[in-house]
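Observations on the three-dimensional arrangement
Single-letter residue listing:
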Amino acid sequence: HALSQRLFLLCAATYIIGLFGRLSYSAVMVDLISSGSMDKTQAGLVGTALFIVYGVCQIFSGLIGDHISPKKLVFTGVLGSAVINLGMGLTGTYGVMVVLWSLNGVFQSLIWSPVARIFAEQLPPDQRKRACSNAAATYPLATVLTYLLASVMLAFLGWRSVFLISGIVMVAAAAFW
């Protein structure tokens, strides 16, 4: 049970950190618009690009996940998303941001399905259901944490810091993973 709890906490923490790398753009979008970096239509397209690519890639990541170690997929997803977030923090160009954030959809699609597979394959049957139920709390928790942390960073460091710090945290999570 102790090993199962540690495995769940590792997966949940990694997923929450990964979500920070997905939600970071939404958290800074208003600041990007108000700073004149892009208009409302452009800002909306950047965010939409991630979800279109993410949705399509979820199908493929599930299929790929049948043949590749879930540990490798989660690592690749978190590290790739980290690099994309770092890139977003270093650019301010609309076209580059659309491309980068679309690529983030690819990497983000590599995180959840493999985590679910780890639960299914590594946890004892009596703990799988509880792990999946508890995992449902990760998204709202990540959302609250992302917006709280982003608010502080926006107030003191600006929108680039949200991407840069999320990228750094995700690199650390990938290394720990």
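Residues numbered from 1 in each chain as written. Predicted model: local features only at pLDDT ≥ 70, side-chain atom pairs only at ≥ 80, totals over all residues. Heavy atoms only, no water.

1. Brief notes about helix 8 (residues 159-176)
Between the first and last C-alpha of helix 8 there are 26 Å, a value that for 18 residues agrees with the 26 Å anticipated at 1.5 Å per step. Within the span of helix 8, buried status applies to Trp159, Ser161, Val162, Phe163, Ser166, Gly167, Met170, Ala173 and Ala174. Looking at the buried positions of helix 8, the neighbouring elements they touch are helix 1 (2-34), helix 3 (70-90), helix 4 (94-108) and helix 7 (138-156). (Helix = DSSP H or I, 4+ residues; strand = E, 2+ residues; numbered from the N terminus. Expected span 1.5 Å × (residues − 1). Buried < 20%, exposed > 50% of the residue type's maximum accessible area, 1.4 Å probe, protein only. Contact = heavy atoms within 4.5 Å.)

2. Focus: the pattern of salt bridges
As enumerated under the stated definition, the model contains 1 salt bridge in all. With a closest N to O distance of 2.8 Å, Glu121 and Arg117 form a salt bridge. One end of the pair, Glu121, and the other, Arg117, are both in helix 5 (residues 112-122), 4 residues apart, so they sit about a helical turn from each other. (Salt bridge = Lys/Arg side-chain N within 4 Å of Asp/Glu carboxyl O.)

3. Some points on the environment of Leu157
In this fold, Leu157 is placed in the loop between helix 7 and helix 8. By relative accessible area, which is 57% here, Leu157 ends up exposed. Considering only alpha carbons, one finds Leu157 and Ile168, 11 residues apart in sequence, at a separation of 15 Å.

4. As for helix 7
Each α-helix turn comprises 3.6 residues. Residues three or four places apart therefore point the same way. When the terminal C-alpha atoms of helix 7 are compared, their 27 Å separation across 19 residues agrees well with the 27 Å that a helix rising 1.5 Å per residue should span. Taken together, the buried positions of helix 7 are occupied by Thr138, Ala142, Thr146, Ala150 and Met153. Down the axis, helix 7 shows its buried residues gathered within 80 degrees of arc, on one side only. Of the residues in helix 7, the exposed ones pointing more than 90 degrees away from the buried face are Leu148 and Ala155. Close packing links the buried residues of helix 7 with helix 1, helix 6 (125-135) and helix 8. (Arc of directions from axis to C-beta.)

5. Structural notes on the packing of aromatic side chains
Under the criterion given, the structure shown has 5 aromatic pairs. Judged by centre distance (5.8 Å) and plane angle (45 degrees), the ring pair of Tyr25 and Trp101 falls under tilted. On the criterion of sequence distance, the pair formed by Tyr25 in helix 1 and Trp101 in helix 4 is long-range, its members being 76 residues apart. Since its relative accessible area comes to 1%, Trp101 is described here as buried. With 5.7 Å between their ring centres and 75 degrees between their planes, Trp101 and Phe163 make a pair best called edge-to-face. (Phe/Tyr/Trp six-rings, centres within 6.5 Å; stacked < 30°, edge-to-face > 60°.)

6. Some points on the environment of Met29
Inspection of the secondary structure assignment puts Met29 in helix 1. Counting along the chain gives 143 residues from Met29 to Ala172, while the straight-line C-alpha distance between them is 25 Å. Sequence-distant contacts of Met29, defined by excluding residues within four places in its chain, comprise Ala43 and Gly44.

7. Some points on the layout of surface pockets
Its volume calculated, the largest pocket comes out at about 160 Å³. Contributing to the lining of the largest pocket are Leu7, Leu10, Ser69, Pro70, Lys71, Ile118, Glu121, Gln122 and Trp177. Secondary-structure elements contributing two or more residues to the lining of the largest pocket are helix 1, helix 3 and helix 5. The greatest single-element share of the lining of the largest pocket, amounting to 3 residues, is contributed by helix 5. Along the lines of polarity and charge, the residues of the lining of the largest pocket split into 5 nonpolar, 2 polar and 2 charged. (1 Å grid on protein atoms, 1.4 Å probe; cavity = no way out; pocket = protein on both sides within 12 Å on 5 of 7 lines; lining within 4 Å. Points joined across faces, edges and corners; volume = space filled by probe spheres on them. Nonpolar A, V, L, I, M, F, W, Y, C, P; charged D, E, K, R; others polar.)

Any functional reading would require information beyond the geometric quantities listed.
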